[in-house]
Each structure stands twice: as structure tokens, then as C-alpha cells.
Amino acid sequence: MPVERSGHQGGPCGKSRRGGVEAVPGMARREEQAEGDNHLSLAGNERRPALVASLGTLGLWLQQDMADSAQAQKLVYLVTGGCGFLGEHVVRMLLQQEPRLRELRIFDLHLGPWLEELKTGPVQVTAIQGDVTQAHEVAAAMAGAHVVIHMAGLVDVFGRASPETIHAVNVQGTKNVIEACVQTGTQFLVYTSSMEVVGPNIKGHPFYRGNEDTPYEAVHRHPYPCSKALAEQLVLEANGRKVRGGLPLVTCALRPTGIYGEGHQIMRDIYHQGLRLGGRLFRAIPASVEHGRVYVGNVAWMHVLVARELQQRAALMGGQVYFCYDKSPYKSYEDFNMEFLGPCGLRLVGTRPLLPYWLLMLLAALNALLQWLLRPLLLYAPLLNPYTLAMANTTFTVSTNKAQRHFGYEPLFSWEESRTRTIRWMQTMDSSAQ
Ligand SMILES: NC(=O)C1=CN([C@@H]2O[C@H](COP(=O)(O)OP(=O)(O)OC[C@H]3O[C@@H](n4cnc5c(N)ncnc54)[C@H](O)[C@@H]3O)[C@@H](O)[C@H]2O)C=CC1
Ligand SMILES: CC(C)CCC[C@@H](C)[C@H]1CC[C@H]2[C@@H]3[C@H](O)CC4=CC(=O)CC[C@]4(C)[C@H]3CC[C@]12C
């Protein structure tokens, strides 16, 4: 299978450069697609000639439509990490927006109680408690699945887990998913990567309104971005491998920027920290440092769409990477959080950082030292460490329409709706905490 690659070419934890242009005009493909995808789009019905609609033909159409939808509801999807923050949104979005779904398998180390409520719907929901580091568990869960969305991962930039564990889950886990696809004949694999595979890099270079082809020196040392970059590379390289039955594996990777929305643990932690400080947060990062953020509902929608369209546009989308984006405003990490924390009664003190940067660096280094010293006794993992400080203090924003061009993505939720939903969630959390 010919693979057009616009992702990075170098080693994941070394120097890499973005580059290359897309060979296939996405818009033209989009129109071809609308022609062929009748059972999902209204356009197919609208094109039918109204004048010949006798009762008989109407009956035939109805029969045909019923047969189509029975046949259409045939796909088995597997979501790894489906009980996490993003996973829950993807699971719910698939059930709402993927009419061809027959069975949805949710594979996670920790299954959520909320899964029970989904088991009464028309789609068979199968919860599988399992570990992606165990190849046999992954292969068993995947047998007979058509599509896998692989988002199970250890998201840890605070030093909670060891580098070895992060590697085992994020890299070995991804290898196991790829090998299970090959063994069982699962042909479509969507990987949830991260903006962190690009940057910010250890040199703190800004990435300002960049896209998938923007050159950037992607050099990482931290275990989390290293593991995500390695895993992404494995997924992209697996595109075109023959799976059981002889068909080619079709893969692609989505790279969300910092995700926010209902269920976001870090937002919850910052909120509680603000409450402990008497309803105040103190500005630490200059307001001019912009950070890319994307609403969880839109990230989920993008996963649903990419998984669907990958099956129709394998030649165009196979081996590709897509940033996850929406219309959320570009702001500093703290100013963006205030969009939600403000309406919940918190105040950000200072128009400029209260502490000089060198002092913050010193505090971050002290936290890292304390974490190391206390490790034999307890887990000390505060939000501030040298890595998170560097992340928060480096501009990283994306501006791209690649997903729109390749598979017709438009955000499902406007910024206003994303904001309102997140505030509403924070306020429920607030009242349930009292
Ligand atoms: N939260 C964010 O801002 C971003 C997240 N991502 C990626 O999105 C994915 C989902 O992230 P979140 O939902 O935020 O994290 P999360 O921690 O809420 O969800 C991860 C899920 O994976 C499961 N998991 C962990 N280890 C596992 C194992 N060994 N076997 C099976 N399941 C396992 C966890 O139980 C959890 O349910 C991750 O791959 C992450 O790297 C990417 C960009 C930004
Ligand atoms: C104490 C500081 C002044 C502020 C600390 C803020 C940090 C906790 C967060 C700043 C940037 C965040 C990361 C960023 O949004 C990108 C991410 C992508 C992922 O794939 C996982 C999450 C994260 C690493 C995210 C984590 C929190 C920050 C470091």
C-alpha cells in the first residue's frame, strides 16, 4: 500500500523534523466520499427522484432502508483505556454517533461503574478488564473486532510512576495492540498520541500556531513524551502490514493538545488547591505564553470520525497524524483555566507572575529533590516540577485544518458550549463536595 507520510521522520526521542506536503487534495476526496456513503448521509435519500414515489416504491424503499440498516449495524469496535477521562467520552460518543456499531468492547485496567448503564441500549457493550502490557489479554479482547481505538496509557508528568512502567504501558502496550491486530485480522487502528510527541522540546522553543508539517526540533527526555513518540512511531510504521486474512493494516494517530472538559482531573486538583488558598490562585506564568487546549467532546468526536473515515479513505489517511483542535481560544494555561474556575468563584491574583522565574525553577527543582528523597517513604508528586514548569512556560499552539481536509472534521461543540458544559460540570462537583 502506498503510504504518504507527513509525520516526523527522525527518531522519537532524538531530533526530528516535520516536513512534506499532502499529495491528495482532501476536499475532492470528501465529495467522492459523500457520494459513496449513502446509508449515513441524508444526501443519498435526497437524490432519489420524488416524482416516481408511488406507494409501492415507497414500500420497497422502506424495506431496502430497513435491510440496509440491519446490515449496516455490523461493526465491532474495541476501545482500550475506554474508562479514562477521554475514554468515557469516546465510548459515549461512539454509542451516539456510530450507527454501524453492533458491539462496543471497552478494555481497561479499571472498569468504571458507569458502564452498567450502557448495557441496556441497542448496541452490545462488553466490558473487559485487562492490561495492555499482557499480549494474550489484548489478543483475546481483539478477536473479531474491526476497529481498535487505542488510548490506554499512563499519563504521568508528575513522577508518580517509574519510567519503566510508563514505557511498559505506553510502548509495550502499543506493540501488543499492533501485534494483536496482525494476529486476529483487525484492520483499522486509531492511536491516541499527544501533542507532546512534538513538543514543547527541552530547549523551550515555542511552537506558535503550528501544523502537522511545521518543522520543529522534537527532542524529549521526559519518559512520558518519549513513550508517546515511540508508540506513535510504531503505529505509523505498522500501516500497511498484512493482517490475518491478507488485508493491509490501516493506522493513524491523533495528537490532542491539552484536553479539558467534564472529568478533567488536573482541573479538579487546581480547583481544590484554589479553595485551600481561600479562593485565590497566584499567577505563575506570564499571560503571553499561549497553550493549546481542546475540548474533550471534540477530541472524542474526532476519534469517532477518524475511525469511520479510515475505513473509507485508507489510501489518504493511512499512516497519517492529525492534531486534535477546535475553536477554544489561545491563552496561557492559567488564563484558560480561569474561564472555568472564575465562574466557580476563584480569582487569579496578579497580572504578572508574582514570583520571578528563577525562583519558580528553584522551587520546582526542590520539589524534584523532595520527591526523590521521600520516595522510599511516600509518594510526593506535586503539580510543580521542572518538566511541568517548562511545559506551562512554553508557547505551544496549533492551527491546522488537516483533519477537516482529510476526513471532514468540524468541531461538534462550539467554544461557548464547551465552556458552558465544563463550568456546569465544575459546579456540580462543587456542590457535591459541600
Ligand atoms: N489528558 C490529556 O490532556 C491528553 C491525553 N492524551 C492521551 O489520551 C489518552 C487518554 O488519556 P486520559 O483519558 O487523559 O488519561 P486517563 O488516565 O484518564 O485514561 C487512561 C486509561 O488507560 C487505562 N490504563 C492505564 N494503564 C493501562 C493498562 N496497562 N492496561 C489497560 N488500561 C490501562 C487507565 O485505567 C485509564 O482508564 C492517553 O493515551 C494520553 O496519552 C493525549 C493528549 C492530551
Ligand atoms: C505549577 C505550574 C505553574 C503550572 C503547572 C501546569 C501543568 C500541571 C500543566 C501545564 C501543561 C500541561 C500538560 C499539557 O497540557 C499537555 C499534556 C499532554 C498530554 O498528553 C498529557 C497531559 C499534559 C502533559 C498536560 C499535563 C499538565 C500540564 C503539564
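Residues numbered from 1 in each chain as written. Chains lettered and ligands numbered in written order. Predicted model: local features only at pLDDT ≥ 70, side-chain atom pairs only at ≥ 80, totals over all residues. Heavy atoms only, no water.

Under an unreviewed UniProt entry, the name given to the protein is 3 beta-hydroxysteroid dehydrogenase type 7, and the source organism is Cnephaeus nilssonii. In its Subcellular location (unreviewed entry) section, the UniProt entry covering the protein states "Endoplasmic reticulum membrane". (UniProt positions renumbered as here; feature names shortened; annotations may be inferred.)

Asker: Give a description of the overall build of the protein that names residues and reports values.
Answerer: Per the secondary structure count, the protein includes 15 helices and 13 strands. Expressed as a percentage of the 434 residues in the protein, the buried residues total 50%. Of the contacts formed within the protein by residues at least 6 apart in sequence, a portion of 79% connects residues at least 24 apart. (Helix = DSSP H or I, 4+ residues; strand = E, 2+ residues; numbered from the N terminus. Buried < 20%, exposed > 50% of the residue type's maximum accessible area, 1.4 Å probe, protein only. Contact = heavy atoms within 4.5 Å.)

Asker: Can you break down the site of ligand 2 residue by residue, with the values?
Answerer: Surveying the vicinity of ligand 2 reveals 16 residues, the closest of which are Val-155, Ser-194, Glu-196, Tyr-224 and Gly-258. At 2.7 Å, a side-chain N or O of Ser-194 approaches an oxygen atom of ligand 2. Side-chain polar atom of Tyr-224 to an oxygen atom of ligand 2: 2.7 Å apart, as the coordinates give it. Considering ligand 2 on its own, with 620 Å² of exposed area, one finds that the protein chains cover 88% of that surface. Looking at the shell around ligand 2 element by element, the count peaks at three residues for helix 13 (residues 386–392). Of the residues in the shell around ligand 2, the class split is 11 nonpolar, four polar and one charged. (Near = heavy atom within 4 Å. Polar contact = N/O pair within 3.5 Å; in protein donor to acceptor, adjacent residues only side chain to side chain. Areas by Shrake-Rupley, 256 points an atom, 1.4 Å probe, with all protein chains shown as cover. Nonpolar A, V, L, I, M, F, W, Y, C, P; charged D, E, K, R; others polar.)

Asker: Could you give an account of the sheet that holds strand 7 (residues 250–256), with specific residues and numbers?
Answerer: Spatial ordering of the open sheet is given by 3-2-1-4-5-7-11, a layout of seven strands whose pairing is parallel. Only two strands of the sheet have a single neighbouring strand rather than two, namely strand 3 (124–129) and strand 11 (320–324). Between one strand axis and the next, the sheet turns through 20° on average, direction left out of account. Two elements, strand 7 and strand 11, share five bridges in a ladder whose sense is parallel. (Pairing = 2+ DSSP bridges. Axes fitted to C-alpha atoms, helices over the stretch in contact; angles between N-to-C directions.)

Asker: Give a detailed account of unusual backbone geometry, specifying residues and quantitative values.
Answerer: Cis geometry marks the peptide bond from Gly-199 to Pro-200, where omega comes out at 0°. Positive phi values are uncommon outside glycine, yet Arg-209 reaches one of about 50°.

Asker: Explain the site of ligand 1 to me, using residue names and the numbers behind them.
Answerer: Near ligand 1, the surroundings consist of 25 residues, among which Leu-86, Asp-108, Asp-131, Tyr-224 and Lys-228 are the closest. Asp-131 is positioned with one of its side-chain polar atoms (N or O) 2.8 Å from a nitrogen atom of ligand 1. The separation between an oxygen atom of ligand 1 and a polar side-chain atom of Tyr-224 is 2.6 Å. Burial of ligand 1 by the surrounding chains reaches 86%, relative to a free accessible area of 820 Å².

Asker: Give a description of the pattern of salt bridges that names residues and reports values.
Answerer: The final tally for this structure, using the stated rule, is 16 salt bridges. Residue Lys-331 pairs with Glu-339 through a salt bridge whose shortest N-O separation is 2.8 Å. Residue classification places Lys-331 among the partly exposed residues on the basis of a relative accessible area of 28%. Taking the shortest distance from any N to any O, the salt bridge between Glu-417 and Arg-421 comes out at 3.9 Å. (Salt bridge = Lys/Arg side-chain N within 4 Å of Asp/Glu carboxyl O.)

Asker: Tell me about the packing of helix 8 (residues 265–276) against helix 11 (residues 333–341), residues and numbers included.
Answerer: Here helix 8 crosses helix 11 at 80°, and the two axes come no closer than 11 Å. Classified by the angle between their axes, helix 8 and helix 11 sit roughly perpendicular to one another. On helix 11, the residues touching Ile-266, Met-267, Ile-270 and Tyr-271 of helix 8 are Tyr-333, Asn-337, Phe-340 and Leu-341. (Parallel < 35°, antiparallel > 145°, perpendicular 65-115°, else oblique.)

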